[in-house]
Amino acid sequence: MRLLRMTPTLRQSNLFHYGLLFATLFVAFFWNIWGFPLFDLDEGAFSEATREMLANSNFAATYLDGEPRYDKPILSYWFQALSVSLFDLSEFSLRLPSAIAASCWMLVCYRFACQQWNRTTALYTVLIMANTLWIGIIGKAAIADAWLNLFLTLTLLDMWRHWQNPGRSILLRVYLWMALGLLAKGPVAVLVPLLVSGIFYLVQGEWRRWLAAIFYLPGWALLLVILTPWLWLVYQDQGIGFFQGFLLDHNLKRFSDTREGHGGNIGYYLIALPLVLLPFSSALFTLLRNLRELCKDSLTLYIMIWLGVVFVLVSFSGTQLPHYVVYGISGLLMLFAHYRARVFRAWGLMFPLLFFVLMLALPWILDAAAGMTHKLYDQEMLARVWDVVGLTYIMASAVALLLTLALMLSSRLETPAKFVTIGFIQTLFVFTFFIQVAAGLQQQPVQEAAVIARQLSDKSVVAYGVHRPTFSVYRDAITPQDRSPEPGEVIFTDADNLLKLQQRNPDAVFDLLFSKGGIRLVEWRDADPVVTN
């Protein structure tokens, strides 16, 4: 019994361990999620579709500004709708489900690292993952990606467990996670796990075991039981249009064609991946240098196949965004924690140092960029940089830079501890100070225009030449955008599109209701048509 008693030292150790764990989750995913406007395009589209879902009491299908939205399945909208129902419509309630999903994602990896390695490695796993730049962004954004990453990670980690100890219960869990991933984001939740596991089993010469798992009929039956009710409901609401729009347009064509201007090239993620991994980017290069030796370990090999499959898929995709590669880095960051003494080197601290140098210089860079663009919107938006960048931002970026320098020169901390400490600094800086600058430039004018438009309840308001769903969210009303404006209407647009509208209607009189940062809200006054004989 004396051996089972917890000593004061052990209690303090546990208190510090779990206190640091949950402090990390709070700072990474919950801190300040209420403190800045929703961002277009993704946050605005998800949030407006959720608002319309609640306004119409239609929980089978999603609509955006009154038109069917085929981009994503339903699960993340349901979670957002539940949160908004509990806490009212706000940035906090719309982002809360993602913060919860990201926290669960981290805890899933923590448990796996505890099982495969030890508690210290598990804690480092969370300290590294939660403070990785793009994971922090995903965990604070009102989008579906935190849920997808949670279910992808659950699927792939349980596939590994099934490799270690085959069992029906684990296999059924794999199909459960894939079904929920399909409901959260779509076919990628099945495609990636099947490719990763298939390649790994083939390399191990166990392809028959893989085929047995893939053709496990009770698993597919469970997947269909979960998916079919919603598929039937969405078919009843939107007909075959959803399946055509979602599967063909927003999955196959997103892979084969460039969508929404997010094109790239086959080398795009060679640049994007180190940025996504900040401040831990250098560990990737050290790991790759030792890859042949490290991949003698089966789990390391499995995780690197996971990264490789995602990297190849997204590199050949016609539509490329930085967060796509995040689908493959959960296991990689666990390897950073496991091999921390080998992959974290002092020279790698140059990456976060350069990041904070860039953050300090950012206002001057944006100010210079304002004079180099020919678009009126970009000129006016960037010209406001000193309106949104105050002394607080300059001081915060300077302090972050100096703290990073001090940690680089310190001999009191081990190198892995230096990296995670800088990770905390980066997280606090980005989501307390940098985010205010980005939101002030891009979203504050849209939000202010929406508040003015909301007061014009007796007017017809339309969007012209712009797709900013946050305008509808903050206006609390649908804003049509698929037709040309008419006399007598209030028009939400930007400086470039207003100029085009004026050129097409030279006799029109537009009363300016709002102008800021390239955003315009105008009323077309000459509502009486000219009568001709």
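Now for a look at the structure at hand. In this text the structure is predicted, and so the values were computed from the model without any measurement.

**A few points about helix H2 (residues 42-56)**
Part 1: When the terminal C-alpha atoms of H2 are compared, their 21 Å separation across 15 residues agrees well with the 21 Å that a helix rising 1.5 Å per residue should span.
Part 2: Taken residue by residue, H2 has Glu43, Gly44, Ala45, Phe46, Ser47, Glu48, Ala49, Thr50, Arg51, Glu52 and Met53 as its buried positions.
Part 3: Residues of H2 that are buried make contact with strand E1 (63-64), helix H3 (75-87), helix H4 (91-116) and helix H25 (469-475).
Part 4: Of the residues trailing H2, Ser57 is marked for its positive phi of about 55°.

**A few points about the packing of H3 against H4**
Part 1: Where H3 meets H4, the axes come as close as 8 Å, and the angle between the chain directions of the two elements is 140°. Here H4 runs oblique to H3, going by the angle between their axes. Crossing geometry of H3 relative to H4 is assigned as right-handed. On H4, the residues that touch Phe79, Gln80, Ser83, Val84 and Phe87 of H3 are Phe92, Ser93, Leu94, Leu96 and Pro97.
Part 2: Taken together, the residues of the contact of H3 with H4 sort by class into seven nonpolar, three polar and no charged.

**Digging into a nonpolar patch on the surface**
Part 1: A grouping of Phe26, Trp31, Trp34 and Leu428 is seen on the molecular surface, where their side chains present a nonpolar patch of about 390 Å² in accessible area.
Part 2: Along the chain, the position of Phe26 falls in helix H1 (residues 8-30).
Part 3: Judged by its relative accessible area of 41%, Phe26 is partly exposed.

**As for unusual backbone geometry**
Part 1: Along the chain, Asp40 connects to Leu41 via a cis peptide bond; the corresponding omega equals 10°.
Part 2: Mapped onto the fold, Leu41 is located in the loop between H1 and H2.
Part 3: Geometrically, the link from Leu278 to Pro279 is a cis peptide bond, its omega value of 0° lying close to zero.
Part 4: Looking at the secondary structure, you find Pro279 in the loop between helix H13 (268-276) and helix H14 (281-289).
Part 5: In this structure, Asp88 takes a positive phi of about 70° despite not being glycine.
Part 6: The exposed category is assigned to Asp88, whose relative accessible area is 57%.

**Observations concerning the pairing of strand E4 (residues 490-494)**
Part 1: A large share of E4 lies buried, amounting to five of its five residues.
Part 2: The two faces of E4 match: Val490, Phe492 and Asp494 on one face and Ile491 and Thr493 on the other face are all buried.
Part 3: Relative to E4, strand E3 (residues 461-463) runs parallel, the two being bridged by three bridges. Note on E4: the bridge partner recorded for Ala463 is Phe492.
Part 4: Note on the crossover from E3 through H25 to E4: the handedness is left-handed.

**Describing the packing of aromatic side chains**
Part 1: In this structure the tally under the stated criterion is 32 aromatic pairs.
Part 2: Here the aromatic rings of Phe200 and Tyr201 are separated by 6.2 Å at their centres, their planes lie at 85°, and the arrangement is edge-to-face. Each member of the pair, Phe200 as well as Tyr201, carries the same accessibility label: buried.
Part 3: Relative to Phe356, the ring of Phe355 lies with its centre 5.3 Å away and its plane at 70°, an arrangement referred to as edge-to-face.
Part 4: On the basis of relative accessibility, which here comes to 12%, the residue Phe355 falls in the buried class.

Conventions used here
For every chain, the first residue of its written sequence is number 1, and the numbers climb from 1 along that sequence. The predicted nature of this model means local features are confined to residues of pLDDT at least 70 and side-chain atom pairs, given and counted, to a pLDDT of 80 or more, with totals for whole chains, interfaces and linings taken over all residues. In computing side-chain values, all of the structure's heavy atoms are included and hydrogens and water are not. In this description a helix means any DSSP run of H or I spanning at least four residues, a strand means any run of E spanning at least two, and both kinds are numbered starting from the N terminus. How far a helix is expected to stretch is found by multiplying one less than its residue total by 1.5 Å. Exposure classes here rest on a 1.4 Å probe applied to the protein chains alone. A residue is buried below 20% of its type maximum, exposed above 50%, and partly exposed in between. Residues count as neighbours in contact if any of their non-hydrogen atoms are within 4.5 Å of one another. Think of each axis as a best-fit line through the C-alpha atoms, taken over the contacting stretch in the case of a helix, with angles from 0 to 180 degrees between the N-to-C directions. For classification purposes, angles smaller than 35 degrees are called roughly parallel, those larger than 145 roughly antiparallel, those between 65 and 115 roughly perpendicular, and all remaining angles oblique. By definition, any crossing whose near helix is turned counterclockwise from its far helix by less than a right angle is left-handed, and any crossing with a clockwise turn is right-handed. When residue character is reported, Ala, Val, Leu, Ile, Met, Phe, Trp, Tyr, Cys and Pro are called nonpolar, Asp, Glu, Lys and Arg charged, and the others, Gly included, polar. Exposure above 30% relative accessible area and no salt bridge define the residues that can form patches, which grow by joining like charges within 9 Å and nonpolar side chains of Val, Leu, Ile, Met, Phe, Trp and Tyr within 5 Å. Note on areas: these come from Shrake-Rupley sampling with a 1.4 Å probe, and a residue is covered only by the protein chains present in the view. When a carboxyl oxygen of Asp or Glu lies within 4 Å of a side-chain nitrogen of Lys or Arg, that pair is called a salt bridge. Whether two strands pair depends on DSSP finding at least two bridges between them. By convention a crossover is right-handed if, when the strands point away from the viewer, the path from the first strand over the helix to the second runs clockwise. Aromatic rings from Phe, Tyr and Trp, with only the six-membered ring used for Trp, were paired whenever their centres fell within 6.5 Å, and each pair was classed as stacked if the ring planes differed by under 30 degrees, edge-to-face if by over 60, and tilted otherwise.

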